[in-house]
Amino acid sequence: MTKSALQIARAAYQPKLPKALKGAVKAVEGAATQSVADQEEIKKLFPNTYGMPLIKFETGEAVSLPSINVGVILSGGQAPGGHNVISGLFDGIKSLNADSKLYGFILGPGGLVDHNYMELTGEIIDEYRNTGGFDIIGSGRTKLETTEQFDKGYEILKELGISALVIIGGDDSNTNACVLAEYYAAKQYGVQVIGCPKTIDGDLKNEMIETSFGFDTACKVYSEVIGNIQRDCNSARKYWHFIKLMGRSASHIALECALQVQPNVCIISEEVEEKDMSLDEVVNYIAQIVAKRAADGNNFGTVLIPEGLVEFIPAMKRLIAELNDFLAHNAEEFSHIKKSHQREYIISKLSPANAEVYASLPEGVARQLTLDRDPHGNVQVSLIETEKLLSEMVATKLASMKAEGKYDGKFAAQHHFFGYEGRCAAPSNYDADYCYSLGYTASMLIADGKTGYMSSVRNTTAPAEEWIAGGVPITMMMNMERRHGEMKPVIQKALVRLDGAPFKTFAAKRDQWASITDYVYPGPIQYFGPTEVCDQPTKTLLLEQGK
Ligand code: FBP
């Protein structure tokens, strides 16, 4: 593999570890835990893995342990640092016994079910240290849900002598990891299951999990590029840039980027939902800012839009639900309607309120809502070009304001969608260190015989030496939620809290950022240099911890 000079230098980077993990460790058990809600139901569903204590690792005495074989799976969307979780896990199990082996299941959870795997040797691991991506073994979105899958997986685990499986994934994958841990414990298969918190979306976090890995790097990459756009925008002074940012549900990415770059507008889906805003109100909010800036002679600006916005606008949510339902039952009839008549046809079939919302949408977006459906028959919201939807509707609104003499400016829009650009970036020092520590911690949880735990590394706004490594029972993070019409135990998704410090800080500043041009240009991630430049966590995390 040909490598750039940076890649070569980066390969030699030794991630920092918490002090407690630097030699032999002992596990200190904390208090027994409870699930965040619905305790009785969850206890009943997880008789073997409910109520377990929190674990914290401290410096201990060296003990000799038999070698173990461990399996690892990367699940869901890529996030910077996944390779470091795996290298931390590898180094951890080797430190316990040099004969231990690590197997990677290929292309996500499907690899376990299909018996598709490879042994991860030291040579392979060394190729991937501190690199972005999940390409060492690939990732996938197969859900591990059924007992048939669990038993199929057990066949290969048994064959390879694997006694512990580490699943690196988001809230759904870790929920499934917990169900798997419970199943294997109930069956007494002798296979431990440990989870690791991954997702750039940043929505897998709670009291014990400070952040999901990848969020830090992805936000820094997006903020760099948005900063570059802001410089361009402030140089030419002729465009409004509508920038959609990944985050399928929560708006953490948009909020963190806003805190980093100080854009003119940033929409936060959770606030839109809380205030029960209509699409028209969102459009009007942006149009007013455009008009105000135009009055000051500034016909340019930036608007950050979270990817999941459409589903948080209550009226759009209702429209999408009716459309899903209608098209599921009338797909055949709809397929015979001529393209040019589809819009009218849909309008005639919807309830009056939803028909009105649908009729107000620009042609392209209206079409996307009826065409792009996933295998379950749902609209794929990530394919909806919200950035175009909003800019087109803002343009229309401005035209009518102009006609009424309420606006006298020029409006030209550019559109961007940042998501894939950041998901496989080389991890920042924060993510490189955090991920390595998460993987190393997972190996210690395995050595301690734990199952149904998520690897946890806390106090990460302090220097790495002072980080706290341990384990959290996954059942502790669960509540019951309705999924596909049934109540299921799931890890609570962490949405942006409107009473939290990151949002409040943004809300206190946004009017100022809207009117005066006060852009910040964060520049690229730095890997080598002073610690205040290279090792900063996200603003979200700093604010959440009162720093
Ligand atoms: P995970 O929750 O699996 O980490 O994935 C998050 C994400 O990156 C979202 O931000 C985005 O909406 C989605 O993945 C895109 O999925 P895909 O990679 O399947 O296109």
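What counts and how
- The numbers attached to residues start from 1 for each chain and follow its sequence in the written order.
- Where local features are concerned, this predicted model is filtered to residues with pLDDT of at least 70; where side-chain atom pairs are given and counted, the filter is 80 or more; whole-chain, interface and lining totals use all residues.
- To obtain the side-chain values, all non-hydrogen atoms of the structure were included, while hydrogens and water were left out.
- Note on geometry: axes are C-alpha line fits, over the in-contact stretch for helices, and angles between N-to-C directions span 0 to 180 degrees.
- Secondary structure counts use DSSP, requiring at least four H or I residues in a row for a helix and at least two E residues in a row for a strand, with both numbered from the N terminus.
- Here roughly perpendicular refers to angles of 65 to 115 degrees, roughly parallel to angles under 35, roughly antiparallel to angles over 145, and oblique to all remaining angles.
- It is the rotation of the near helix from the far one that decides the hand of a crossing: anticlockwise by less than a right angle makes it left-handed, clockwise makes it right-handed.
- Contact criterion: two residues are considered in contact whenever any of their non-hydrogen atoms come within 4.5 Å of each other.
- Three classes are used, and their members are as follows: Ala, Val, Leu, Ile, Met, Phe, Trp, Tyr, Cys and Pro are nonpolar, Asp, Glu, Lys and Arg are charged, and the others, Gly among them, are polar.
- Between buried and exposed lies partly exposed: a residue is buried under 20% and exposed over 50% of the maximum accessible area for its type, with that area taken using a 1.4 Å probe on protein chains only.
- One requirement defines pairing of two strands: DSSP has to find at least two bridges between them.
- As used in this record, nonpolar core signifies buried Ala, Val, Leu, Ile, Met, Phe, Trp, Tyr and Cys residues forming a set joined through side-chain atoms within 4.5 Å.
- Nearness here has a simple test: a residue counts as near a molecule or strand if at least one of its heavy atoms is within 4 Å of that partner.
- Side-chain atoms alone can form a polar contact between residues adjacent in sequence; in general such a contact is a pair of N or O atoms within 3.5 Å, and within protein one must be able to donate a hydrogen while the other accepts it.

## Describing the packing of helix α13 (residues 314-335) against helix α14 (residues 339-349)
So, step 1. Running from amino to carboxyl end, α13 crosses α14 at an angle of 125 degrees, the nearest separation of the two axes being 12 Å. Here α13 is positioned oblique relative to α14, judged by the angle of their axes. Crossing hand, α13 versus α14: right-handed. Contacts between α13 and α14 involve E322, L323, F326, L327, N330, E333 and F334 from the first element and Q342, Y345, I346 and K349 from the second.
So, step 2. Split by residue class, the contact of α13 with α14 holds six nonpolar, two polar and three charged.

## Digging into the pairing of strand β12 (residues 453-458)
So, step 1. Most of β12 sits out of view: five of its six residues are buried.
So, step 2. The pairing of strand β7 (residues 192-197) with β12 spans two bridges and is parallel. When the bridges of β12 are listed, I194 appears paired with Y453.

## Examining the nonpolar core
So, step 1. Grouped together as the largest cluster of nonpolar side chains are 86 residues, with contacts concentrated most on I86, L102, V166, Y222 and L245.
So, step 2. If one sorts the elements of this core by residue count, helix α19 (residues 429-447) sits on top with 10 residues.
So, step 3. Among residues more than four places away in sequence, those in contact with Y222 are I200, L245, M246, I253, C257, F418, G419, Y420, E421, G422 and R423.
So, step 4. In terms of nonpolar packing, the next biggest core, distinct from the first, is built from 49 residues, I305, M316, F326 and A366 among them.

## Considering the site of the ligand
So, step 1. The environment of the ligand is formed by 13 residues, the closest being G77, D201, E307, Y420 and R423.
So, step 2. Here an oxygen atom of the ligand and a side-chain polar atom of Y420 are 2.5 Å apart.
So, step 3. A distance of 2.9 Å is found between an oxygen atom of the ligand and a side-chain nitrogen or oxygen belonging to R423.

## Considering unusual backbone geometry
The phi torsion of most residues other than glycine is negative, and most of the peptide bonds are trans.
So, step 1. Positive phi outside glycine occurs at L107, with the angle close to 60 degrees.
So, step 2. Within the secondary structure layout, L107 lies in the loop between β4 (101-105) and α4 (109-113).
So, step 3. Judged by its relative accessible area of 52%, L107 falls in the exposed class.
So, step 4. Of note, the phi angle at N130 is positive, near 60 degrees, even though the residue is not glycine.
So, step 5. Considering the arrangement of structural elements, one finds N130 in the loop between α5 (122-128) and α6 (147-159).
So, step 6. Residue classification places N130 among the buried positions, given a relative accessible area of 2%.

## Some thoughts on the sheet that holds β4
So, step 1. The strand order β1-β2-β13-β12-β7-β6-β3-β4-β5 describes an open sheet built from nine strands, whose pairing is mixed. Strands with a single pairing partner mark the edges of an open sheet, and in this sheet they are β1 (25-32) and β5 (117-119). Each neighbouring strand pair of the sheet contributes to a mean axis angle of 25 degrees, computed without reference to strand direction.
So, step 2. Where β4 lies against β5, three bridges are found, and the strand directions are antiparallel. Opposite Y103, over in β5, you have E119 as the bridge partner.
So, step 3. Against the sheet, helix α3 (residues 82-96) contacts β3 (69-74), β4, β6 (162-169) and β7, and its axis sits at roughly 175 degrees relative to β3.
So, step 4. Along the sheet, α19 makes contact with β1, β2 (53-59), β3, β6, β7, β12 and β13 (468-473), crossing β12 at roughly 135 degrees.

## Comments concerning the sheet that holds strand β11 (residues 413-418)
So, step 1. Read across the sheet, four strands follow the order β9-β10-β8-β11 without closing on themselves; strand pairing throughout is parallel. Of all the strands in the sheet, the pair left with one neighbour each is β9 (265-266) and β11.
So, step 2. Bridge count for strand β8 (residues 240-245) against β11 is six bridges, and the pairing is parallel. Of the residues in β11, the one forming a bridge with W240 is A413.
So, step 3. Where helix α8 (residues 215-236) meets the sheet, it contacts β8, β10 (301-306) and β11, and its direction lies at approximately 170 degrees from that of β8.

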